[in-house]
Amino acid sequence: MSAEAVREDRGTLMGFVAERPGAAFAGIALGMVALAALLAPLIAPQDPFDLTSFDLLDAGLPPAWIEGSDPRFLLGTDAQGRDLFSAILYGMRISLTVGVLAVAIQAAIGVPLGLLAAYRGGRVDTLVTRAADIQLSLSTLMLAIIALALYRAGFGGESLSRYAVPLLVIVIGLAEWPYFARTARAATQVEIAKDYVRAARALGVGGLGIVFRHILPNILSPLIVLAATQVAGAIMAEAALSFLGLGMPVTKPSLGTLIRSGYDLMFAGAWWVTVLPGLVLIAILISVNVFGDALRDLLDPRRSAS
Amino acid sequence: MTAIVSGLAFLGRRLMQAALVMLAILIIAFAVKSTLGDPLREITGEAVPETQRQKLAHELGLDRPWPVQLARYLGGAMQGDFGTSTIYKRSTLEVILAKFPASFELVVGASLIVLLFSVPAGVYCAVRPRARGARLILSLSVLGISIPVFLTGILLITVFSVWLGWLPAFGRGETVRLGFWETGLLTADGLKHMVLPAFTLSSIMLPLFIRLVRGAMLDELGHDYVRTARAKGASQLRVWLVHALRNALLPLVAVGGLQIGTLVAYTLLTETVFQWPGMGFLFLEAVTRADIPLITTYLVFVGLIFVVTNTIVDVVSLMLDPRISLEGTR
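Residues numbered from 1 in each chain as written. Chains lettered and ligands numbered in written order. Predicted model: local features only at pLDDT ≥ 70, side-chain atom pairs only at ≥ 80, totals over all residues.

Turning our attention to the overall build of chain A. Scanning chain A from N- to C-terminus turns up 15 helices and zero strands. Residue burial in chain A is summarised as follows: out of 306 residues, 44% are buried. Counting contacts in chain A only where the partners sit at least 6 residues apart, residues at least 24 apart contribute 69% of the total. (Helix = DSSP H or I, 4+ residues; strand = E, 2+ residues; numbered from the N terminus. Buried ≥ 20, exposed ≤ 12 C-beta atoms within 10 Å, placed from the backbone. Contact = placed C-beta atoms within 7 Å.)

Structure, rendered in structure tokens:
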């Protein structure tokens, strides 16, 4: 896509929004979620990671719209008396952080490999493509579960709790690099035949220069679209792993951990401790997916027809 | 004739590959077991003096070089001996096999639901792409993909067990023993317990399969043979269901089979939500209590399921794909 075409797209952005109100709504929702997560320490009435700031006497209080609630706790409290509103804000923060960082790792591994495979071709290409195929056939969630399960069995639950964030980022990051490699490779193969690449080569630009300075900027749009859907996948994976007890600990809950820890209370009638963080998670995932779909139509008009 | 020979050659190559993958999995399992596990503790418990431990280690061959130990592990594996579970004090394979029927029945139930719903819905969305119903189905499928499987389960439990009280929320209910197979399919109680978990597990595969069937159908409907069949006077419904759908289902076998690893992961999540006493639930218990032999045996078992499914899928798609058999003389 040339620079002009990009500018033209920006010009029609408003028209696009008018055409797809759902996507605009999803975008606004995502912006608010990101802002709330970023400002969580300022907004939250309580620090949910600080065990001294809440009281067991407040445990299991319902949200404000249900009888028996306490005005101090807008969304009620969990089994330890933690303010659920604060816990959800901080949980979003962890979920988003892990999601974004994991995708950054996926891209950092996958994109260079994909570029290299397409640019070099031959044996390198075969190797990267095969490795990607094999890894994708193994189910990334299952790989992540096995990796964290072995870590937990080998080093104990305490070590897992302490290093949960970096471990989750690395495991989810390593699990899904093939998607970026495939997309980068396919897009590069299209670009590589174009005149500007040949011109750059004729001017004596080296291989690395061509790949990173000339080709990479031109294949960014499919990569950005992919990144959006991958973030949704990574957030979902984090939640699933935490729900299984292989992710964030109860003392530093992500949305998945909150859902897990509230689950025991559900049959005692306190459904909100599980259901509210669950609904927040679903809202985030739907927003990311809808937004990602719209982004694809916006950045890649050819695919929107299908 | 050549078709049969090349078919057999393919089969042989594929079986060879499968055996190699299994060997690799076994070696990884051995590596994990010998690094993380302490086989003496499996047998003796912790309060045993050091000298006695060393004597036992010698008797068991644990002081031998690792290639010897690996050979012993592989030899044992051939006979179904993968070690003793530290939790259950029984052969790990026995423990897992006892839980296998529960997981298997759950997966079969979910697959039936997926098949029953995805094929009609996918065909409908393909032949009536602009209908409101088709759009609704596709929007719902975006929703389905966005909801993590454990949340689907929790939401279903909230509505149907906690609020309405219609269906049980956990366990398998009453089961009947048929030989070694413990089934929940023969009692009303067992079937009732199946409903929510099976729907939960299917919820994650359903959107994918609806889209797959729809995509494959759209592809087929664009082909000339569809127009020819229609021109020949075949009814619209017959063209859709007999001509196009049959061809559209071919790629589904391949894609469906490739989902088996994902299915195992989602089964694990579903079993956790519903406390369904299957292999996944067992695995997490093993992880929490650091039962290394049970964990590694589970990995080998899941690897075996994975390899067998993939091999079958490859062979079946070879048999189903008319393009391959057309090359030979039929």
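Next comes the rest of the write-up.
Counting secondary structure elements, chain B contains 14 helices and two strands. Seen through its C-alpha atoms, chain B measures out along the principal axes to roughly 85 × 65 × 35 Å. For chain B, buried positions account for 34% of its 330 residues. For chain B, the share of sequence-separated contacts (at least 6 apart) that also reach a separation of at least 24 residues comes to 72%.

All names here are of chain B. As for its position among the elements, proline 207 is in helix 8 (residues 188-221). By C-beta crowding, proline 207 is classed as buried, having 22 other C-beta atoms within 10 Å. A sequence separation of 63 residues divides proline 207 from glycine 144, and the C-alpha atoms of the two residues are 6.2 Å apart. Those residues in contact with proline 207, other than ones at most four positions away along the chain, are Ser141, Gly144 and Ile145.

Attention now moves to the confidence of the model for chain A. Averaged over chain A, the pLDDT score is 81; the fraction of residues at 70 or greater is 88%. Within the model, pLDDT remains below 50 along residues 1-11 of chain A, and this stretch shows four contacts once partners closer than five positions in the same chain are excluded. (pLDDT = per-residue confidence, 0-100.)

Core analysis: the largest hydrophobic core is formed by 155 residues, its most contacted members being Ile88(A), Ile145(A), Ala240(A), Ile295(B) and Tyr298(B). Broken down by element, the residue count for this core peaks at 21 residues, all from helix 5 (residues 84-120) of chain A. Look past the residues within four positions of Ile145(A) in its chain and what remains in contact with it is Leu241(A), Leu244(A), Leu246(A), Ala265(B) and Leu268(B). (Core = buried A, V, L, I, M, F, W, Y, C linked by C-beta atoms within 7 Å.)

On to the confidence of the model for chain B, then. All names here are of chain B. Here chain B averages 80 in pLDDT, and 90% of its residues register 70 or above. Note on residues 326-330: pLDDT under 50 across the span, and eight contacts to partners over four residues away in sequence or across chains. Scored as a whole, the predicted complex attains pTM 0.82, and scored at its interfaces, ipTM 0.79.

Residue and element names in this part refer to chain A. Packing of helix 5 against helix 8 (residues 164-175) brings their axes to within 8 Å, and their N-to-C directions diverge by 45°. Compared by their axis directions, helix 5 and helix 8 come out oblique. Where helix 5 crosses over helix 8, the two elements pack in a sense that is right-handed. Here Val98, Leu101, Ala102, Ile105 and Gln106 of helix 5 lie close against helix 8, whose contacting residues are Val165, Leu168, Val169, Ile170, Ile172 and Gly173. (Axes fitted to C-alpha atoms, helices over the stretch in contact; angles between N-to-C directions. Parallel < 35°, antiparallel > 145°, perpendicular 65-115°, else oblique. Left-handed = near helix turned anticlockwise from the far one by under 90°.)

Before going further, it helps to examine the interface of chain B and chain A. Each partner contributes residues to the interface: chain B has 29 residues there, and chain A has 31 residues. For the side of chain B that touches chain A, the elements supplying multiple residues, two or more each, are helix 1 (2-36), helix 6 (132-146), helix 7 (149-163), helix 11 (260-274), helix 12 (279-288) and helix 13 (292-320) of chain B. In terms of residues, the side of chain B that touches chain A owes the most to one element, helix 11 of chain B, which gives seven residues. The residue inventory of the side of chain B that touches chain A, partitioned by class, reads 23 nonpolar, six polar and no charged. (Nonpolar A, V, L, I, M, F, W, Y, C, P; charged D, E, K, R; others polar.)

Right, let's talk about unusual backbone geometry for a bit. Residues and elements named next belong to chain B. In this structure, glutamine 275 is a non-glycine residue whose phi angle is positive, near 45°. Tracing the sequence through the fold places glutamine 275 in the loop between helix 11 and helix 12. Even without being a glycine, alanine 290 presents a positive backbone phi close to 50°. When you line up the elements, alanine 290 lands in the loop between helix 12 and helix 13. Residue alanine 290 is classed as partly exposed on the basis of its 19 C-beta neighbours within 10 Å.

It is worth spelling out helix 10 (residues 195-202) of chain A at this point. Among the eight residues in helix 10 of chain A, zero count as buried, and that is only a small part of the element. Positive backbone phi, approximately 90°, marks Gly204(A), located one or two places after helix 10 of chain A.

Attention now moves to the environment of Val171(A). Residue and element names in this part refer to chain A. Considering the arrangement of structural elements, one finds valine 171 in helix 8. Distance in space between the C-alpha atoms of valine 171 and isoleucine 105 is 9.7 Å, their sequence separation being 66 residues. Look past the residues within four positions of valine 171 in its chain and what remains in contact with it is Ala144, Ala147 and Leu148.

Residue and element names in this part refer to chain A. End to end, helix 5 covers 53 Å across 37 residues, agreeing with the expected 54 Å (1.5 Å per residue, within 8%). Where burial is concerned, most of helix 5 is hidden: 29 out of the 37 residues are buried. With its phi angle positive at about 65°, glycine 121 sits one or two positions after the end of helix 5. (Expected span 1.5 Å × (residues − 1).)

Let's shift gears to the packing of helix 5 (residues 92-127) of chain B against helix 6 of chain B. All names here are of chain B. Interaxial distance between helix 5 and helix 6 falls to 9 Å at its minimum, and their mutual angle equals 125°. Put simply, helix 5 runs oblique to helix 6. Crossing of helix 5 over helix 6 shows left-handed handedness. Note on element contacts: helix 6 touches helix 5 through Gly133, Ala134, Ile137 and Leu138, opposite Ala121, Tyr124 and Cys125.

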